[in-house]
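# An overview of the molecular structure
Each chain is listed here by its residues.
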Amino acid sequence: MDIQLKKKPWYIRYISYIIAGTAFFALAVYVCILAFGPRRLKIDPEEYRIADAQETPFMEYLDVEGIVQPIQTIQVNALESGFVERIVAEEGSMLEAGDTILILTNIDLLRAIEDEQSEWENQQRNYHEQEIEMEQRSITLRQQALDAEHQISSLEKSMQQSREEFRMGIKSKAELEVAEEDYEYQHKRAQLQMQSLRHDSVATHLKREMVRANRDASTRKLTRTADRTGNLIVRAPLAGQLSFLNVALGQQVGAGSGIGEIKVMSEYKMRVSLPEYYIDRIVSGLPANIQYQDNKYPLRISKVVPEVKDRNFTCDLLFTSDKPSNIRLGKSYRVQIELASPETALVIPRGDFYQVTSGHWIYRLSPDGKTARKTEIEIGRQNPQQYEIISGLQPGDRVLLSGYDKFGEVEELVIK
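Residues numbered from 1 in each chain as written. Predicted model: local features only at pLDDT ≥ 70, side-chain atom pairs only at ≥ 80, totals over all residues. Heavy atoms only, no water.

## Remarks on the overall build of the protein chain
- Counting secondary structure elements, the protein chain contains six helices and 22 strands.
- A buried classification covers 31% of the 416 residues belonging to the protein chain.
- Split by element, the accessible area of the protein chain, about 26800 Å² in all, is 51% carbon and sulfur. (Helix = DSSP H or I, 4+ residues; strand = E, 2+ residues; numbered from the N terminus. Buried < 20%, exposed > 50% of the residue type's maximum accessible area, 1.4 Å probe, protein only. Areas by Shrake-Rupley, 256 points an atom, 1.4 Å probe, with all protein chains shown as cover.)

## A closer look at the pairing of strand β18 (residues 371–376)
- In terms of strand pairing, strand β17 (residues 361–365) meets β18 through five bridges, oriented antiparallel. Counted as the bridge partner of Arg364 is Arg373 from β18. (Pairing = 2+ DSSP bridges.)

## With respect to the sheet that holds strand β2 (residues 50–52)
- Taken in spatial order, the six strands of this open sheet run β1-β22-β18-β17-β21-β2, and their pairing is mixed. Strands with a single pairing partner mark the edges of an open sheet, and in this sheet they are β1 (40–43) and β2. Taking each pair of neighbouring strands and ignoring which way they run, the sheet shows an average axis angle of 35 degrees.
- Here two bridges tie β17 to strand β21 (residues 398–400), and the two strands are oriented antiparallel to one another. Following the sheet pairing, Tyr363 is matched in β21 by Leu400. (Axes fitted to C-alpha atoms, helices over the stretch in contact; angles between N-to-C directions.)

## Describing the nonpolar core
- Core analysis: the biggest nonpolar cluster contains 25 residues, and Ile348, Phe353 and Tyr363 have the highest contact counts within it.
- For this core, the secondary structure elements donating two or more residues are β16 (343–349), β17, β20 (386–391), β21, α6 (404–407) and β22 (412–415).
- In contact with Phe353, not counting residues within four places along its chain, are Ile348, Ser358, Trp361, Ile362, Ile377, Ile379, Tyr387, Leu401 and Tyr404.
- Within the second largest apolar cluster, 24 residues are counted, among which are Leu62, Tyr268, Leu317 and Val335. (Core = buried A, V, L, I, M, F, W, Y, C linked by side-chain atoms within 4.5 Å. Contact = heavy atoms within 4.5 Å.)

## Observations regarding the side chain of Asn106
- Examined against the element boundaries, Asn106 turns out to sit in the loop between β7 (100–105) and α3 (107–168).
- Judged by its relative accessible area of 13%, Asn106 falls in the buried class.
- Not counting chain neighbours up to four residues away, the residues in contact with Asn106 comprise Ser81, Gly82 and Leu232.

## What about the environment of Ser158?
- As for its placement among the helices and strands, Ser158 is situated in helix α3.
- With 25 residues separating them in the primary sequence, Ser158 and Tyr183 have C-alpha atoms 8.3 Å apart.

## A word on the environment of Gly66
- Turning to its location among the elements, Gly66 is positioned in strand β4 (residues 61–77).
- Spatially, the C-alpha atom of Gly66 lies 5.4 Å from that of Ser332, the residues being 266 residues apart in sequence.
- When neighbours within four sequence positions are excluded, Gly66 is seen to be in contact with Met270, Arg271, Val272, Lys331, Ser332, Tyr333 and Val335.

## Quick word on the packing of aromatic side chains
- The full count for this structure, using the stated rule, is eleven aromatic pairs.
- Judged by centre distance (5.3 Å) and plane angle (85 degrees), the ring pair of Tyr292 and Tyr333 falls under edge-to-face. Placement of Tyr292 in strand β12 (residues 287–292) and of Tyr333 in strand β15 (residues 332–338) is noted, with a sequence separation of 41 residues between them.
- Given the relative accessible area of 21%, Tyr292 is considered partly exposed.
- Accessibility expressed as a relative area gives 4% for Tyr333, which makes it buried.
- When the ring of Phe353 is compared with that of Tyr387, the centres are 5.7 Å apart and the planes differ by 75 degrees; the resulting orientation is edge-to-face. With Phe353 in helix α5 (residues 353–357) and Tyr387 in strand β20, this pair connects stretches of sequence that are 34 residues apart. Each member of the pair, Phe353 as well as Tyr387, is classed as buried.
- Counting every residue linked through ring pairs, the aromatic cluster contains Tyr48, Phe353, Tyr354, Trp361, Tyr363, Tyr387, Tyr404 and Phe407.
- Looking at Lys374, its charged tip hangs above the ring of Trp361, at a distance of 4.4 Å from the centre. (Phe/Tyr/Trp six-rings, centres within 6.5 Å; stacked < 30°, edge-to-face > 60°. Lys NZ or Arg CZ within 6 Å of the ring centre and 35° of its normal.)

## A look at the side chain of Thr371
- You can see Thr371 is positioned in strand β18.
- Looking at Thr371, the relative accessible area reads 18%, which means it is buried.
- Apart from the residues within four sequence positions on either side, Thr371 is in contact with Arg40, Arg364, Leu365, Ser366, Glu412, Leu413 and Ile415.

## Here's the deal with unusual backbone geometry
- A positive phi angle, close to 55 degrees, is found at Asp310, a residue other than glycine.
- Within the secondary structure, Asp310 is located in the loop between β13 (295–309) and β14 (312–319).
- Since its relative accessible area comes to 74%, Asp310 is described here as exposed.
- One non-glycine residue, Arg311, adopts positive backbone phi at about 65 degrees.
- Checked against the element boundaries, Arg311 lands in the loop between β13 and β14.

## Here we look at the pattern of salt bridges
- Inspection of every chain in the model, using the stated rule, returns twelve salt bridges.
- One salt bridge connects Arg398 with Asp52, and the closest N-O pair in it is separated by 3.5 Å. Linking Arg398 in strand β21 with Asp52 in strand β2, this pair joins segments that are 346 residues apart in sequence.
- With a relative accessible area of 41%, Arg398 lands in the partly exposed category.
- Given the relative accessible area of 34%, Asp52 is considered partly exposed.
- Residues Lys269 and Asp316 are paired through a salt bridge, measuring 3.3 Å at the closest nitrogen-oxygen approach. (Salt bridge = Lys/Arg side-chain N within 4 Å of Asp/Glu carboxyl O.)

Structure, rendered in C-alpha cells:
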C-alpha cells in the first residue's frame, strides 16, 4: 500500500530562491550605500605623513641650484692682422696681466713701417729747411726794423735841428714848412714800415709754430705706426685662466677678431635659473645664502637678466663675505634667495597633496584621530618647506600630507 508523503512547507521548497533573493537585496543595499552615502576608506597611519598646522615664523624664499662661475670673462682679440707664428700659452693655463699668449707676423705691416720711416725722414729734412728759411727771414726782419727805428730817430733829430735854425734865423718859415712836411711824410712812412714788419714777424712766428706742429704730428704718427709691431704680440689684458684659444699655427687672424677667452679668477659669482613667475619680484640687492657643511655663506643678487628662455630667466649673485673653501668653477650649490622678511603665519609642511588637490582641499583629522575628512583650504605664500594657510585650518589641526594619489574621490578616511 502506498504511503502518502506530507507536503513540504513553501519556504522549504523555495529556500534557495529566498537565499539568493536576500543576498541580491543585501548587495543592492550595499551598492546604494556606497553610491549615495559617504565614501570611506581604511588606511594605516604608519604609511602616510601626518602633520600639525602651526603658527610659526614663516619666510618666503626660493631654493634653487646655483653654478659657480668666474666674476668676469674677458674676450681676447687680435689688435693687428697677421699669421700665427708661435703659440706661447695653452688652454687652461693661468696668466698674469701682460703675459704673452701668441705671436703674429705681418710682412705688409713691417713694409708699411719702413715706408713711413722714410717719409718721416724726408719730412724732417723739409721742416729743417723751412726753419732755416724762417730764421733767415726773421734776421732780415729784425734788420729792417732796426733800420726803420734808426730812420725815425734821424728824422726827429733833423726836425729838431730845422726848428732850431728857424729860431736862429738861418732858415726861413717856408723852408721850415717844407722840412716839417717832409718829416711828417717820412715819419708816417717809417711807421707803416714798422707795422708791416710787425705783421711779417707775427706771420713768421705762426708759420714756425705750424712747422713745429707738423713735425711733432709726423713724429707721433711714426711712433704709432712703429708701436703697431707691438700689437703683433697678443697679451693677456687681465690676470686669469685662459679658458680656450681658437687659433692654430699658420692661421691667418684678422684685426679685431676674437681668438680666446680669459676667466678672471680673483672672485666668483653664482648663476641661478628661476621660473618666470618670479621675474617681477627678483631685483638687485636681494639677500641670499648658501648652506654648506653646517655653515652659511651670505650672497646678494648683483644682476638680473630679464630675458626669458624656456619659461626661465637667470640672475647672478656675489658673495658678501666668506665663501666655501672648496669652491670651484662649475661646482653647484643650493642657493636660498629670500623674497621677504620672516613673519608669523599659520603654516603646514609641504606634501604631495598639493599636486592632486591644487591646494584647494586637504584631509583634516578628527579630534580623536580616528577619521579624516575633506576640508576646503586656501593656500597663500609658500617656500620649499612650507605652505601658508590663509583659511580652512586652525592652529593645532592635524592634516594628512601624502598618499592622495591612492584615495581617489574618497570623502572620509578611517584611520586604523
